[in-house]
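Geometric and topological summary
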Amino acid sequence: MSNYDFKKIEQKWQNQWEEKEIFASTHEDQPKYYVLEMFPYPSGKIHMGHVRNYSIGDVVARYKKMKGFNVLHPMGWDAFGLPAENAAIKHGIHPDSWTQENIKDMKEQLSTLGLSYDWSREVATCNQDYYKWTQWLFLQFYNKGLAYKKESRVNWCPSCETVLANEQVVGGQCERCDSNVGKKKLNQWYFKITEYADTLLEDIKLLEGWPNKVKLMQENWIGKSTGAEIEFKIENFSNSLKVFTTRPDTIFGATYMVLAPEHPYVEELTKGTEYEISVNEFVNKLQHISDIERTSNDAEKEGLFIGQYCINPISGRKTPIYIANYVLADYGTGAIMAVPAHDQRDLDFARKYNIDVVPVIKPTGEEDFVLEDIAYSDDGIMINSGEFDGLSSKEAFTKISEMIEKNGAGKRTDSYRLRDWLLSRQRYWGTPIPIVYCDTCGIVPVEEENLPVELPVDVQFKGEGLSPLTTSEAFMHTECPKCGELAQRETDTMDTFVDSSWYFLRYTDPKNTKLPFDKEKGNYWMSVDQYIGGVEHAILHLLYSRFFTKVLRDLDLIDIDEPFSNLLTQGMVLKDGAKMSKSKGNTVSPGEIIEKYGADTARLFVLFAAPPERDLEWSDQGVEGCFRFLNRVWRLVDEALQNNMFDNTVAGMTKQDKAIHYMIHKTVKRVTEDIEERFNFNTAVSGIMELVNELYKYKEIDRENINGELFREAIETVVLLLSPFAPHVTEELWEKLCKSTNVYLSEWPQYDPKAIVQDEIEIVIQVNGKVKEKLMVPSNTTKEEMEKIALENQKVQQSIEEKEIKKIIAVPKKLVNIVVK
């Protein structure tokens with residue numbers, strides 16, 4: 001029998017689904033279920049990672065629909081970003097044209113996979129009906145005091161001509177173009193995410209459906225530290241030096257202070273001194289080194305004495321001030337109290353520059369403590385600390401903190417690793433920031449009724465200057481919303497993470513022209529019940545989305561605390577042990593696989609080859625195996641229909657009938673639990689395969705007297721269970737089985753708990769661990785009866801003969817092992 005015509009079948013059902021709009025979310029009388037995969041950047045081509053990500057989500061969406069839920073399963077496009085602008089520069093095509101063409105191509109490619117998307121809710125972040133509301137949300141943040149502008153030193157790529165995040169600087173070079181990255185002072189827009197640091201940290205406990213590793217990554221990124229802020233007076237200088245430390249108990253061991261080279265005090269303290277030239281040279285040297293590299297444990301610690309001193313407010317010690325590469329201006333206060341005896345980086349620096357090392361804590365119970373090459377960072381007993389000697393370091397922490405506060409030299413406080421969100425980008429292809437600058441009124445927000453601030457089309461993409469927006473006179477010059485005088489527009493656009501921090505809310509009400517979304521609709525659908533995407537988004541995108549959700553809650557736009565109830569981070573698709581990439585030459589084209597084997601085979605393979613959270617190794621043999629399996633299912637149904645097997649009527653249930661009846665319900669239970677509780681799609685598919693194997697055996701035992709009703713139940717169960725994984729072929733088989741409705745709209749099969757209680761079980765009989773017999777016995781056979789059955793078995797008696805039985809090991813309902821000498 002030939003293979004089924006997957007091309008014809010897949011096209012047929014894709015057309016029918018589209019015509020019937022079968023995937024629309026309209027049944028609000030049902031309980032809701034919102035499943036969402038992270039939307040893609042429209043690069044123009046889908047890859048196997050997309051196939052895996054979207055197939056996982058589609059199984060969940062189809063399964064929940066069959067379980068009676070009103071399912072929301074939308075798709076859209078994270079469409080702003082640098083590649084479109086680079087294409088404009090390179091090929092002379094407008095970013096919008098390039099992006100819209102890519103969206104069209106990718107949508108066509110996705111449609112070939114048979115994904116159950118409600119395309120009526122499609123969004124693209126580059127469309128005006130979306131970015132109007134991104135701008136509107138910016139204004140709400142601004143009005144709430146959560147959007148502000150300040151001058152800061154940023155990573156600047158001279159080739160891409162834009163700001164880079166620390167994570168985008170690798171080896172001092174831009175990860176996109178390998179140009180040397182420098183530092184640049186720019187006035188930048190920020191979101192005050194630090195105002196929500198405590199809430200973001202505290203509410204991690206609400207994320208019960210998130211992987212622990214992702215929660216830990218977010219916790220570490222927020223990085224809350226408890227300690228004290230201490231002021232050190234600088235000699236002959238009007239300002240004090242503020243530092244934050246988690247170990248105020250070590251203040252007597254502070255033998256030097258370190259300022260970040262970019263700290264504003266550095267220039268003031270060295271100007272006109274003998275140290276000015278060497279300090280400037282050192283600062284310039286650090287321009288091409290990323291913050292990540294500077295603070296790496298492996299980086300050599302480098303610095304300079306700047307000729308100034310400050311006074312320790314507790315010990316009174318005169319303390320030299322240095323600058324060093326391992327202290328950053330925008331982390332903490334941009335200065336540290338260096339205690340080399342109890343911090344390894346400080347110790348390495350002190351040894352290198354011959355700075356005093358004074359231990360102030362020794363291990364408990366150790367009398368003659370000598371510090372060598374490893375800093376002592378644990379708790380212990382105070383030494384060399386005046387009146388605090390002999391106290392435990394924990395007691396000293398409290399008492400020294402109290403003294404600092406009493407002396408007016410500081411306070412107990414918390415510090416965070418989390419920095420405010422820099423959202424300015426000096427690019428064209430992004431959401432324009434709705435701000436104008438007036439010589440009279442200063443910074444003025446655009447009035448809401450004048451949104452959107454549209455991206456102009458009369459721009460030049462030269463690859464020169466801060467932003468192509470500056471080349472549009474019509475865009476640049478406008479009227480001040482307050483006084484009506486001539487004003488200039490903001491030429492920075494927003495970080496694309498802003499667009500993706502609320503798109504899941506727009507899906508709930510994508511056609512709304514009065515608000516980003518209706519509160520009632522948002523409250524009905526949110527939170528997203530299942531979110532699916534790569535672990536590379538564990539921090540920024542997910543943290544920003546949580547931040548946005550909390551701000552929108554506080555603005556009374558929605559009533560939820562967290563955007564995503566459950567999170568699945570799927571693994572990568574590998575080939576030859578490495579992530580697929582064009583540079584490695586190990587990519588596999590989804591289009592070619594679909595052309596050769598069909599979409600159902602491609603879907604089934606990526607779902608069967610590995611658990612979704614694990615990396616998947618590509619296997620051509622595995623793909624062929626999945627193709628063969630789908631053809632086996634097709635032939636099984638086709639043969640049953642052609643030979644009228646379902647028409648057979650029999651009286652009673654044979655032993656084989658009972659075994660198949662048990663297998664049906666056992667498989668339904670297994671597949672249901674694998675999808676519902678564990679997302680173990682690979683074992684779910686394996687269970688369906690095992691049922692199909694048993695059905696092939698069953699139909700060959702006695703074809704003339706097959707139980708037609710039971711065989712139909714089994715076949716229909718296979719089709720229903722397989723449908724979320726391979727929707728096209730199962731729709732066709734469901735129709736061939738004379739079903740009037742789509743398999744997608746059918747009910748998920750239920751298992752009967754009584755049916756999976758076996759009358760008989762198989763036990764294994766061993767002698768000295770070697771299998772001698774396998775027997776079927778009543779399921780209620782006791783341990784003693786199992787031993788008796790084993791001893792009376794003829795094969796066992798022949799094996800034992802006259803040997804002495806040392807012991808009998810019986811495992812109820814499983815095995816008996818007779819140990820003999």
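Scroll up a little and you will see the structure.
Cut-offs and rules
- Residues numbered from 1 in each chain as written.
- Predicted model: local features only at pLDDT ≥ 70, side-chain atom pairs only at ≥ 80, totals over all residues.
- Heavy atoms only, no water.
- Helix = DSSP H or I, 4+ residues; strand = E, 2+ residues; numbered from the N terminus.
- Buried < 20%, exposed > 50% of the residue type's maximum accessible area, 1.4 Å probe, protein only.
- Contact = heavy atoms within 4.5 Å.
- Areas by Shrake-Rupley, 256 points an atom, 1.4 Å probe, with all protein chains shown as cover.
- Lys, Arg positive; Asp, Glu negative; His and termini not counted.
- Charge placed at Lys NZ, Arg CZ, Asp CG, Glu CD.
- Pairing = 2+ DSSP bridges.
- Axes fitted to C-alpha atoms, helices over the stretch in contact; angles between N-to-C directions.
- Core = buried A, V, L, I, M, F, W, Y, C linked by side-chain atoms within 4.5 Å.
- Expected span 1.5 Å × (residues − 1).
- Polar contact = N/O pair within 3.5 Å; in protein donor to acceptor, adjacent residues only side chain to side chain.
- Parallel < 35°, antiparallel > 145°, perpendicular 65-115°, else oblique.
- Left-handed = near helix turned anticlockwise from the far one by under 90°.
- Nonpolar A, V, L, I, M, F, W, Y, C, P; charged D, E, K, R; others polar.
- Salt bridge = Lys/Arg side-chain N within 4 Å of Asp/Glu carboxyl O.

Our next topic: the overall build of the protein chain. A count of helical and extended segments in the protein chain gives 26 helices and 32 strands. C-alpha atoms of the protein chain, sized along the principal axes, occupy 105 × 80 × 50 Å. Expressed as a percentage of its 821 residues, the buried residues of the protein chain come to 53%. Considering only contacts within the protein chain whose residues lie at least 6 apart along the sequence, 72% involve residues at least 24 apart. Summed over its atoms, the accessible surface of the protein chain is roughly 37100 Å², and 46% of this surface lies on carbon and sulfur atoms. Both charge centroids of the protein chain, one from 97 positive and one from 128 negative side chains, sit 4 Å from each other.

Turning next to the sheet that holds strand β29 (residues 760–767). Read across the open sheet, the four strands follow the order β30-β29-β32-β31; overall the sheet is mixed. Two strands lie at the open edges of the sheet, namely β30 (770–778) and β31 (805–811), each paired on one side alone. Neighbour-to-neighbour, the strand axes of the sheet open up by a mean angle of 15 degrees, direction not taken into account.

With that settled, the discussion passes to the nonpolar core. Membership of the largest hydrophobic core comes to 173 residues, with the highest contact counts inside it found for F138, F191, F547, F711 and F725. Not counting residues up to four positions away in its chain, the partners in contact with F711 are L636, A640, M645, F646, L695, Y698, K699 and I706. Of all hydrophobic cores here, the second largest spans 43 residues; its members include Y265, A335, L347 and A409.

Counting buried positions over the six residues of strand β32 (residues 815–820) gives five, a clear majority of the element. With four bridges joining them, β29 and β32 adopt parallel strand pairing. Residue pairing in the sheet places V764 in a bridge with L815 of β32. Pairing between β31 and β32: six bridges, direction antiparallel.

Further remarks concern helix α2 (residues 48–66). Over its 19 residues, α2 runs 27 Å from end to end, which matches the ideal 27 Å to within 8%, given 1.5 Å per residue. Of all 19 residues in α2, 18 are buried, a share of seventy percent or more. At the exit of α2 stands G68, carrying a positive phi of roughly 95 degrees.

Spatially, β20-β19-β22-β21 is the arrangement adopted by the four strands of the open sheet, whose pairing is antiparallel. Edge strands, defined here as strands with exactly one partner in the open sheet, are β20 (442–445) and β21 (477–479). Between one strand axis and the next, the sheet turns through 45 degrees on average, direction left out of account.

Before going further, it helps to examine the side chain of N312. Its place among the elements puts N312 in the loop between β11 (303–311) and β12 (318–324). A polar atom in the side chain of N312 sits 3.1 Å from the backbone nitrogen of S315. With sequence-adjacent residues up to four places away left out, N312 is seen in contact with F232, I251, A254, R317 and T319.

Moving on, we get to the pairing of β11. With two bridges joining them, strand β8 (residues 224–234) and β11 adopt antiparallel strand pairing. Paired with K233 across the bridge in β11 is I311. Sheet topology places β11 next to β12; seven bridges connect them, and they run antiparallel. Its bridge partner being in β12, C310 is matched across the sheet by T319. Hairpin remark: β11 followed by β12, antiparallel, with six residues in the connecting loop; positive phi at G316, about 80 degrees.

This paragraph deals with the packing of helix α3 (residues 82–91) against helix α4 (residues 95–111). In contact at an axis separation of 8 Å, α3 and α4 are set at 120 degrees when each is read in the N-to-C sense. Here α3 lies oblique to α4, going by the angle between them. Classified by chirality, the crossing of α4 by α3 is right-handed. Contacts between α3 and α4 pair P83, A84, E85, A87 and A88 from the former with P95, W98 and T99 from the latter. Grouping the amino acids of the contact of α3 with α4 by side-chain chemistry returns six nonpolar, one polar and one charged.

Under the counting rule described, the total for this entry stands at 47 salt bridges. Taking the shortest distance from any N to any O, the salt bridge between K285 and E302 comes out at 3.1 Å. Of the two residues, K285 sits in helix α9 (residues 276–285) while E302 sits in the loop between α10 (291–294) and β11, which places them 17 residues apart along the sequence. A residue is classified by how much of its surface remains accessible, and E302, at 22% relative accessible area, is partly exposed. Residues D674 and R670 are paired through a salt bridge, measuring 4.0 Å at the closest nitrogen-oxygen approach. Of this pair, D674 and R670 both sit in helix α21 (residues 655–678), four residues apart, roughly one helical turn. For D674, a relative accessible area of 4% puts it in the buried group. The network of salt bridges with common partners includes K669, R670, E673, D674, E677, R678 and E690.

This paragraph deals with the environment of D356. With respect to the helices and strands, D356 occurs in the loop between α11 (344–352) and β14 (361–362). When the C-alpha positions of D356 and G49 are compared, they lie 55 Å apart, and in sequence the two are 307 residues distant. For D356, the contacting residues outside a window of four places in its chain are T255, R317 and P340. At 3.1 Å, the side chain of D356 and the side chain of R317 are in polar contact.

Glancing now at the environment of L455. Following the sequence through the fold, L455 ends up in the loop between β20 and α13 (473–476). Judged by relative accessible area, L455 falls into the buried class, the value being 11%. Look past the residues within four positions of L455 in its chain and what remains in contact with it is F80, Y131, Y428, W429, G430, P432 and L469.

The next thing to look at is helix α19 (residues 599–608). Extensive coverage of α19 is indicated by the burial of nine of its ten residues. Within α19, the full set of buried residues consists of A599, D600, T601, A602, R603, L604, F605, V606 and L607.

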